[in-house]
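Here is how the chains run, residue by residue.
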Amino acid sequence: MFLSVVIPTYNRLPILQKCLQALEQQRLEAPISAYEVVLVDDGSTDETVAWLGREAARFPHVRLIQQDHGGPAEGRNRGVDHARGDVIVFIDSDLVVTEDFLLSHARRLQDTWAERGDRFCFTYGAVINTANFEQPTSEPHKLRDLSWAYFATGNVAIDRAVLEESGLFDTRFRLYGWEDLELGERLRRMGVVLVRCPEAVGYHWHPALSLDQVPRLIEVERQRAKMGLVFYRKHPTRRVRFIIQFTPLHQLLWEVLTLGGLLNERSLKPLLAWLIRHGKPGMAMELLRLPLNRIGVRALYAEARAAGLS
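One structure accompanies this document, and this report is about it. (Residues numbered from 1 in each chain as written. Predicted model: local features only at pLDDT ≥ 70, side-chain atom pairs only at ≥ 80, totals over all residues. Heavy atoms only, no water.)

**Some words on the pairing of strand S3 (residues 62–67)**
Alright, step 1. Pairing of strand S2 (residues 34–42) with S3 involves six bridges; the strand directions are parallel. Each residue of the ladder has a partner; that of Val40, found in S3, is Ile65.
Alright, step 2. Handedness of the β-α-β unit built from S2, helix H2 (residues 48–55) and S3 comes out right-handed. (Pairing = 2+ DSSP bridges. Helix = DSSP H or I, 4+ residues; strand = E, 2+ residues; numbered from the N terminus. Right-handed = clockwise from strand over helix to strand, strands pointing away.)

Dropping the structure here:
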């Protein structure tokens with residue numbers, strides 16, 4: 001089995017360095033015959049490309065592909081186009097994996113192919129969120145790390161032919177969100193089965209919450225709303241409405257939990273600041289999710305009204 005790890009990246013050099021170092025330390029045993037890392041730089045403006053040029057000898061498995069800034073969907077498709085493997089592994093460039101990461105995916109895939117008699121499946125590894133930059137792999141698994149997404153590109157492996165039959169990623173998803181779950185809807189309709197692979201562990205690093213991140217987090221919700229509408233137009237089903245929170249139930253839920261908007265990013269600022277000062281940025285982030293969800297749902301309905309869909 002030849003595995004191609006496809007990673008789009010954009011201005012994430014510090015954590016990307018840890019990501020690539022971890023991928024160079026993979027344990028190679030059967031059924032893996034070889035692997036490569038296809039890194040697609042999505043027009044980064046930091047030192048990513050220059051650093052890789054200087055340090056190429058340290059990363060013999062890495063092949064750098066460059067493109068103008070077009071988003072992760074375009075980047076992943078380009079990575080697949082350049083990949084040489086018969087299995088594609090998708091991770092994000094802020095994921096730090098363990099040394100048995102690829103081997104765990106490969107063995108679970110091989111076993112499932114043998115059980116099923118076909119390759120219509122993909123393995124879904126564990127993603128553990130962490131804000132520990134120095135030692136990301138020391139983070140314990142937490143209840144909030146569980147994900148119910150069907151196909152999330154933070155940590156999946158799939159037969160290349162099955163992936164290509166699905167049509168790959170829709171490049172209309174140029175902003176943040178939903179391009180992987182939309183592909184997941186097409187895979188699910190093809191009968192491609194999700195196979196849990198908790199042994200394939202990746203540690204997803206993101207900086208601990210600070211108040212200066214709030215405007216960017218709000219912008220992300222607005223981008224997700226725009227992309228959510230692209231998702232729904234392709235798949236106008238009740239299931240997708242629930243996935244993107246495009247239902248009256250979600251409207252009511254976030255209005256109630258934010259007291260009609262009284263709990264917002266401004267009114268919560270003193271409490272968020274207190275929690276951050278006292279070493280509880282994770283709790284602050286969970287609290288901030290209440291108004292962020294309200295912002296996202298309201299933005300989605302505004303986009304739908306403008307498009308004549310609600």
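So that's the structure; there's more coming.
**As for the packing of helix H1 (residues 13–23) against H2**
Alright, step 1. Direction vectors running N to C along H1 and H2 enclose 35 degrees, while the axes themselves pass 10 Å from each other. Both H1 and H2 take part in a crossing whose hand is right-handed. Judged by residue contacts, Leu13, Leu16, Gln17 and Leu20 of H1 engage Thr48, Trp51 and Leu52 from H2.
Alright, step 2. Of the residues in the contact of H1 with H2, the class split is five nonpolar, two polar and no charged. (Axes fitted to C-alpha atoms, helices over the stretch in contact; angles between N-to-C directions. Left-handed = near helix turned anticlockwise from the far one by under 90°. Contact = heavy atoms within 4.5 Å. Nonpolar A, V, L, I, M, F, W, Y, C, P; charged D, E, K, R; others polar.)

**A few points about the nonpolar core**
Alright, step 1. Counting 42 residues, the largest nonpolar core has Ile88, Phe90, Phe122, Phe151, Ile158, Leu163 and Ile244 as the members making the most contacts within it.
Alright, step 2. Examining the composition of this core, we find that six residues originate from one element, helix H7 (residues 214–234), more than from any other.
Alright, step 3. Sequence-distant contacts of Phe151, defined by excluding residues within four places in its chain, comprise Phe90, Phe122, Val156, Ile158, Phe169, Asp180, Leu181, Leu183, Gly184 and Leu187.
Alright, step 4. Counting residues in hydrophobic clusters, the runner-up holds 37 residues, among them Tyr35, Val97, Cys197 and Trp205. (Core = buried A, V, L, I, M, F, W, Y, C linked by side-chain atoms within 4.5 Å. Buried < 20%, exposed > 50% of the residue type's maximum accessible area, 1.4 Å probe, protein only.)

**Thoughts on the packing of aromatic side chains**
Alright, step 1. Summed over the entire model, instances satisfying the criterion amount to eight aromatic pairs.
Alright, step 2. The interplanar angle of 80 degrees and the centroid separation of 5.3 Å between the aromatic rings of Phe90 and Phe169 together place this pair among those described as edge-to-face. With Phe90 in strand S4 (residues 87–91) and Phe169 in the loop between helix H5 (160–166) and helix H6 (179–189), this pair connects stretches of sequence that are 79 residues apart.
Alright, step 3. Taking 4.8 Å as the distance between ring centres and 65 degrees as the angle between the ring planes, the aromatic pair formed by Phe246 and Tyr301 counts as edge-to-face. Taken together, the residues span a long stretch of sequence, with Phe246 in the loop between helix H8 (238–243) and helix H9 (248–257) and Tyr301 in helix H11 (residues 281–306) at a distance of 55 residues. Of the two residues, Phe246 and Tyr301, both sit in the buried class.
Alright, step 4. One aromatic cluster in this structure is built from Phe122, Tyr150 and Phe151. (Phe/Tyr/Trp six-rings, centres within 6.5 Å; stacked < 30°, edge-to-face > 60°.)

By themselves these figures say nothing about function.
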